[in-house]
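Residue-level listing of the chains:
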Amino acid sequence: MLDALRPRGDTEEVSLGDGLLAGTQRLRIVDAERAGQPWVSADQRWLLCYNGEIFNHRELREELLRLGRRFRSESDTEVVIEAFGQWGPGAVRRLRGEFAFAVTERSSGRTYLARDPLGVKPLYWSARAGCLHVASEVKALVPVGAPVSAVPAGWHGWASPGGKPALEPYCDLLLAAGDAAPLTDAAEAAALVRKALLDSIAVRVDTGLTVGVILSGGLDSSLTLLHTHAVHPDCVAFTVGAPGSEDLAYARRLTAELGVRHEVIEISPREIRLAEIKEAIRVSELTEYGDIINAVVSVPLFRRIASLGIKVVLTGDGSDELFGGYAMYGQVGQEQVRRLFRHKLANLHRTELQRVDRTSMASGVEARVPFLDPAVVAVAMRLPMALKVRDGTEKWILRRAFADILPDYIRQRPKNPMSHACGLHERARMYKPVFARVHRSFGYDLHEPVRRDFSVLLARCGNDLDLAQARADLDYSPREHARDLAGAARWNARSLLGSLPAAGRAGLIRPRPAG
């Protein structure tokens, strides 16, 4: 199991005893020398394996010290276990962070599992022959040979030795925000959005390490870079794209104006071959076609970041879901908008966030997502769609909130999906018929099978969520795959012959999402 997780950390640490084998591949960020895991509490009762970071660990430490707790390190790891020792399972509600962890009572063997409210960090379990196995990735549990289940985002609970966990939600951000008064005043809404996002970025760059920022040159990543640079100047921007793509042009202009170091990872469509597809599936464990295609681009991006010794990066993921970055929000009624909004957020843990976690941690890089801080989510939940999409402009409130610092060329730039730029999506689309077979070859169907893209299915169902969900578990038929392959082959043939319009070669064509 630990070998499968080796890329997630730079140090392997193991504890064996009392019928318990525990180990971590620790990425050393906070108190690198003293925060060894598995961590045993001062009273020797509890053993902790933990992944992620608690951003309010200093405040919690001060509170715990006042309550009589003593500390041996400056790590957030120790804060987690001391908080658990003080407040039990209620401690998880006090943690502000991106985390997943398991705490085992050494005398009884019962284990407590918990995962952060949005599911930024992963946690899976599998049980067989009287043994409970817990890991951060599916690939570590495949050798168990039993079904693999995820701890849902925002859930926690106990498992007896060798038994299945009894899990329940401790935090439902979607329900918690439902009682708050709607924000209808644009100025008030913009001020609250700005305050929440800037604070979220600030706590995520509170480190002495160099911080990377994934920069597409779009609205979300540009906002992230602008504030990161303002509060943590030791930062580097990273942009991935095809030669000549507009992502590179926008990103180069912004970094030049800010004086920020800029690393560019150029990928030609011809560089995407079956080997790259297989590696993206192996690393990411994803189950939807579009997410896998995006992972093909993400894998070399994070490898470059790791090669420069950078351990912490910020991304703009989650903004589209929160602030109306999808066309469907302007195509349906208000009640359906609310349901679609909640559906998108509830599934981030197995789509975008899974891609970000696996492709980053596969290179020993921790990716943090400031747009998905619970405080930012809470504000976004109070916003009516009229403040998110206005006069055909998506994420209108974000543009309003930061109008004074955003360059006009960024503020007015429309959404541009990463993998669609300059044919990367269409190139990877050629291999879609083999995605499911490759996925099964790694044993990942013990968790979930590959299924059709829900966003494409939703569009074909007229954005009817109930109808789309009724068909969500279906994969594409052989006939659909054949039609899709033929379309991708024609596109790539024209590209190789150089017959695409100049705008297409420059990444200005938006290929239709494949289905």
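Everything here concerns the structure above.
Here's a quick rundown of the structure. Small disclaimer: the values here were computed from a predicted structure and weren't measured. (Residues numbered from 1 in each chain as written. Predicted model: local features only at pLDDT ≥ 70, side-chain atom pairs only at ≥ 80, totals over all residues. Heavy atoms only, no water.)

Looking now at the overall build of the chain. The helix and strand inventory of the chain stands at 21 helices and 18 strands. Taken against the 2.2 N^0.38 rule, which gives 24 Å for 515 residues, the C-alpha radius of gyration of the chain at 23 Å falls within 12% of a compact globule. Projected onto its principal axes, the C-alpha coordinates of the chain cover approximately 70 × 50 × 45 Å. For the chain, long-range pairs separated by at least 24 residues make up 69% of all intrachain contacts whose partners lie at least 6 apart in sequence. (Helix = DSSP H or I, 4+ residues; strand = E, 2+ residues; numbered from the N terminus. Rg over C-alpha atoms; globule rule 2.2 N^0.38 Å. Contact = heavy atoms within 4.5 Å.)

Burial analysis of strand 4 (residues 46-54) places nine of its nine residues in the buried class, the great majority of the element. When strand 3 (residues 39-40) meets strand 4, the two strands line up antiparallel, connected through two bridges. When the bridges of strand 4 are listed, Trp39 appears paired with Leu48. Hairpin connection, strand 3 to strand 4: the antiparallel pair is bridged by five residues, and Gln44 has positive phi, about 70°. Summarising the sheet, strand 4 and strand 5 (residues 97-105) pair through nine bridges and their orientation is antiparallel. Bridged to Leu48 within strand 5 is Val103. (Buried < 20%, exposed > 50% of the residue type's maximum accessible area, 1.4 Å probe, protein only. Pairing = 2+ DSSP bridges.)

A separate point is the nonpolar core. Residues Leu322, Phe323 and Leu398 are the most contacted members of the largest nonpolar core, which totals 62 residues. Sequence-distant contacts of Leu322, defined by excluding residues within four places in its chain, comprise Phe341, Leu345, Phe371, Leu372, Val376, Val377, Ala380 and Lys388. (Core = buried A, V, L, I, M, F, W, Y, C linked by side-chain atoms within 4.5 Å.)

Locating His481 in the fold gives a position in helix 20 (residues 478-496). In the structure, His481 is positioned 249 residues away from His232 in sequence and 47 Å away in space, judged by C-alpha atoms. Not counting residues up to four positions away in its chain, the partners in contact with His481 are Tyr289, Lys432, Pro433, Asp475 and Tyr476.

Two side chains with opposite charge may pair up if their charged atoms get near one another. Applying the stated rule across the entire model yields 46 salt bridges. Residue Glu137 is joined to Lys139 by a salt bridge in which the shortest nitrogen-to-oxygen separation is 2.7 Å. Each member of the pair Glu137 and Lys139 is classed as buried. In this structure, the salt-bridge partner of Arg253 is Glu257, at a minimum N-O distance of 3.3 Å. In this pair, Arg253 and Glu257 both sit in helix 6 (residues 246-258), four residues apart, roughly one turn of the helix. The network of salt bridges with common partners includes Arg8, Lys121, Glu137, Lys139, Glu285, Asp357 and Arg358. (Salt bridge = Lys/Arg side-chain N within 4 Å of Asp/Glu carboxyl O.)

Right, let's get into helix 7 (residues 274-284). Turning to helix 7, its buried residues number three or more, namely Ile277, Ala280, Ile281, Val283 and Ser284. Take helix 7 and look down its axis: the buried residues cluster within an arc of 170°, on one side only. Buried residues belonging to helix 7 abut helix 8 (289-307), helix 11 (352-361), helix 16 (424-429) and helix 17 (432-441). Among the residues trailing helix 7, Glu285 stands out with phi positive, at a value near 60°. (Arc of directions from axis to C-beta.)

Here is the key point about a regular strand: its side chains alternate between the two faces of the sheet. When strand 13 (residues 235-241) meets strand 14 (residues 261-266), the two strands line up parallel, connected through six bridges. Residue pairing across strands places Phe238 opposite Glu263, the latter belonging to strand 14. Where the polypeptide runs from strand 13 across helix 6 and back to strand 14, its parallel neighbour, the crossover connection is right-handed. (Right-handed = clockwise from strand over helix to strand, strands pointing away.)

A cluster of nonpolar residues, Val14, Leu16 and Leu21, forms a patch on the protein surface that exposes about 350 Å² of accessible area. Note that Val14 resides in strand 1 (residues 11-17). (Patch = residues over 30% accessible without salt bridge, like charges linked within 9 Å, V, L, I, M, F, W, Y side chains within 5 Å. Areas by Shrake-Rupley, 256 points an atom, 1.4 Å probe, with all protein chains shown as cover.)

This part takes up the packing of aromatic side chains. Working definition: an aromatic ring pair is given by the centre-to-centre distance plus the angle between the planes. Taken as a whole and assessed by the stated rule, the structure comprises 13 aromatic pairs. With a centroid separation of 5.5 Å and 55° between ring planes, the pair formed by Tyr112 and Trp158 is classed as tilted. Separated by 46 residues along the polypeptide, Tyr112 in strand 6 (residues 111-115) and Trp158 in strand 10 (residues 155-159) bring together distant segments of the chain. Take Tyr112: its relative accessible area is 1%, and that puts it in the buried class. Taken together through their ring pairs, the aromatic side chains of Trp46, Phe84, Phe99, Phe101, Tyr112 and Trp158 make up a single cluster. Across the ring face of Tyr326, the terminal group of Lys344 is positioned such that the distance to the ring centre comes to 4.2 Å. (Phe/Tyr/Trp six-rings, centres within 6.5 Å; stacked < 30°, edge-to-face > 60°. Lys NZ or Arg CZ within 6 Å of the ring centre and 35° of its normal.)

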